[in-house]
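# Geometric and topological summary
Single-letter residue listing:
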Amino acid sequence: MTSPHTAPRRRGPRPLSIIRTLLAGEAVGGLILMAAAALALVVANGPFAETYAHGLHAALGPMSVQHWINDGLMAGFFLLVGLEIKREALDGRLRTWPDRILPGCAALGGMAVPAAFYALANLGAGTLRGWAIPAATDIAFALGVLALLGSRVPISLKIFLSAVAIVDDLGAVVVIALFYSSGLDLTMLGLAALVVAALYGLNRAGIGWLPAYGLLGLVLWVLVLRSGIHATIAGVLLALTIPIRVSPGRPEDALSPLHRLEHALAPWITYLVVPVFGFANAGVDLSGLTPEALLQPVTLGIAAGLFLGKQAGVFASLRLAVALGWAKRPAGAGWGQVYGVAVLCGIGFTMSLFIGGLAFPDPEHETAVKLGVLAGSVLSGLAGAAILLLAKPRTATR
């Protein structure tokens, strides 16, 4: 019975329910992304193929339509990625070092081994610049596959996959900033640094008014775009300055600017920006496809890196971390199920296509990159789903 002097406590949803909701949203987004990629392939190989190509390369102000999508809309995607990284590191699944060890090891192995596979396939070919293309995991696409499998996959594995992808995204951001920037303009970089300092000052002053961050973020995007660093990095830098109120164990109470911005952005990025990017970048003409085209160094290196390198790197790193006692296997999951999820990590799609466009902006390699990403991602998705369908859940107590 409630005391007349005490208001009844408002109870929000449990943390696990919120995690399920977030994963469900990303899974639906993955299914939409699959549909967008399939539509792009149909259009690029149908009667509207020429219209599709011309539309993407049409000038829209200072850039083409495709550049606006890849440099403009995707800055919003990277803003959301940055928000997720900051939230997970300070207030989520990566808050403590024990939480970070398993997905961290899996992500590092899942980046290094695919890069090695690509390098081996491209030695002497003059195309080593694409080494980072198969190092990425597409969380939306992978969770979309898991959504099709329903309750056969324990929630712990879905959370693990999401955490691996967050660390993987962080690695991809660092790689893009360090290895895919050229012709740096020091003046623009200096001005961008001043804007970041102003954003940091707003944060330290406790100002939570998001439009102020948005306005400075727009200025930052323009400066970064003109600096020689890829414009999407501006989204990550902006995200790191958005204030967050840490509330461990009670995400239902989180009302900080970061949480509000993330919840506002997520539907737009998941259901619009990423599918538009997929539609604009997945279309590849398959009319002249030959076995020799699939065996070109770039295509072979990407496909092998995603399908073979990812599963080897993720699973071996994970087994090593558990064997050394650094971390525990995801709760309720058998090793067969864990291996199935490791294979699903080879779905690179969004981030792989994005890095591929940075590594090889020339039309000569564009088709090879797309074929490699599509081949490796499709093989990983089909094989991972088959393994998870056949794998038995964990029954042993050890």
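Let us look at the structure shown here. Think of each chain on its own: its residues are numbered from 1, step by step along the sequence as written. In keeping with the predicted nature of the model, local features appear solely for residues at pLDDT of at least 70, side-chain atom pairs appear and are counted solely at 80 or more, and the whole-chain, interface and lining totals rest on all residues. With hydrogens and water set aside, each side-chain value is computed from the structure's full complement of heavy atoms.

### Points about the overall build of the chain
- Strands are runs of DSSP state E lasting at least 2 residues, helices are runs of H or I lasting at least 4, and numbering of each runs from the N terminus. When its secondary structure is counted, the chain shows 15 helices and two strands.
- Burial classes follow relative accessibility: with a 1.4 Å probe on protein chains only, a residue under 20% of its type's maximum area counts as buried, one over 50% as exposed, and anything between as partly exposed. A total of 398 residues make up the chain; the buried ones form 50% of that total.
- Contact definition: two residues touch when any of their heavy atoms are within 4.5 Å. Taking the contacts inside the chain whose residues are at least 6 apart along the sequence as the reference set, 83% of them involve residues at least 24 apart.
- The Shrake-Rupley method, run with a 1.4 Å probe sphere, supplies the accessible areas, and residue values consider only the shown protein chains as cover. Accessible area for the chain stands at about 18,700 Å²; split by element, carbon and sulfur atoms hold 69% of it.

### Comments concerning the packing of helix α4 (residues 97-122) against helix α6 (residues 155-179)
- Where α4 contacts α6, the two axes come as close as 8 Å, and the packing angle between them is 50 degrees. One finds that α4 runs oblique with respect to α6. Along this stretch, α4 crosses α6, giving a crossing that reads as right-handed. In this structure, α4 uses L102, P103, G104, A106, A107 and M111 to contact α6, whose residues at the interface are F160, A163, V164, V167, D168, G171, A172 and V175. Lines are fitted to the C-alpha atoms to define the axes, a helix being fitted only along its stretch in contact, and any angle between axes, read from their N-to-C directions, falls within 0 to 180 degrees. In what follows, roughly perpendicular refers to angles from 65 to 115 degrees, roughly parallel to angles under 35, roughly antiparallel to angles over 145, and oblique to any angle outside these ranges. In a left-handed crossing the near helix is turned counterclockwise from the far helix by less than a right angle, and in a right-handed crossing that turn is clockwise.

### Description of a nonpolar patch on the surface
- Residues forming no salt bridge and having over 30% relative accessible area are the ones grouped into patches, like charges within 9 Å of each other and nonpolar side chains (Val, Leu, Ile, Met, Phe, Trp, Tyr) within 5 Å. Whenever Lys or Arg places a side-chain nitrogen within 4 Å of a carboxyl oxygen from Asp or Glu, that contact is recorded as a salt bridge. On the surface, L286, L289, L294, L295 and L300 cluster together into a nonpolar patch covering about 410 Å² of accessible area.
- Looking at the element boundaries, L289 is found in the loop between α10 (257-282) and α11 (291-294).
- By relative accessible area, L289 is classed as partly exposed at 38%.

### A word on the packing of helix α7 (residues 186-204) against helix α8 (residues 210-227)
- α8 packs onto α7 with a crossing angle of 160 degrees between their chain directions and a minimal axis gap of 8 Å. In terms of axis orientation, α7 runs roughly antiparallel to α8. The handedness of the crossing between α7 and α8 is left-handed. Taken together, the residues of α8 that come into contact with α7 (itself represented by M188, L189, L191, A192, V195, V196, A198, L199, L202 and N203) are A212, Y213, L216, V219, L220, L223, V224, R226 and S227.

### Let's talk about the nonpolar core
- To qualify as a nonpolar core, a set must consist of buried Ala, Val, Leu, Ile, Met, Phe, Trp, Tyr and Cys residues joined through side-chain atoms within 4.5 Å. Counting residues in hydrophobic clusters, the biggest one holds 108 residues, and the most contacted among them are F77 and F78.
- Top contributing element to this core by residue count: α6, with 11 residues.
- Excluding residues within four positions of it along the chain, F78 makes contact with V173, I176, T232, G235, V236, M351 and F354.

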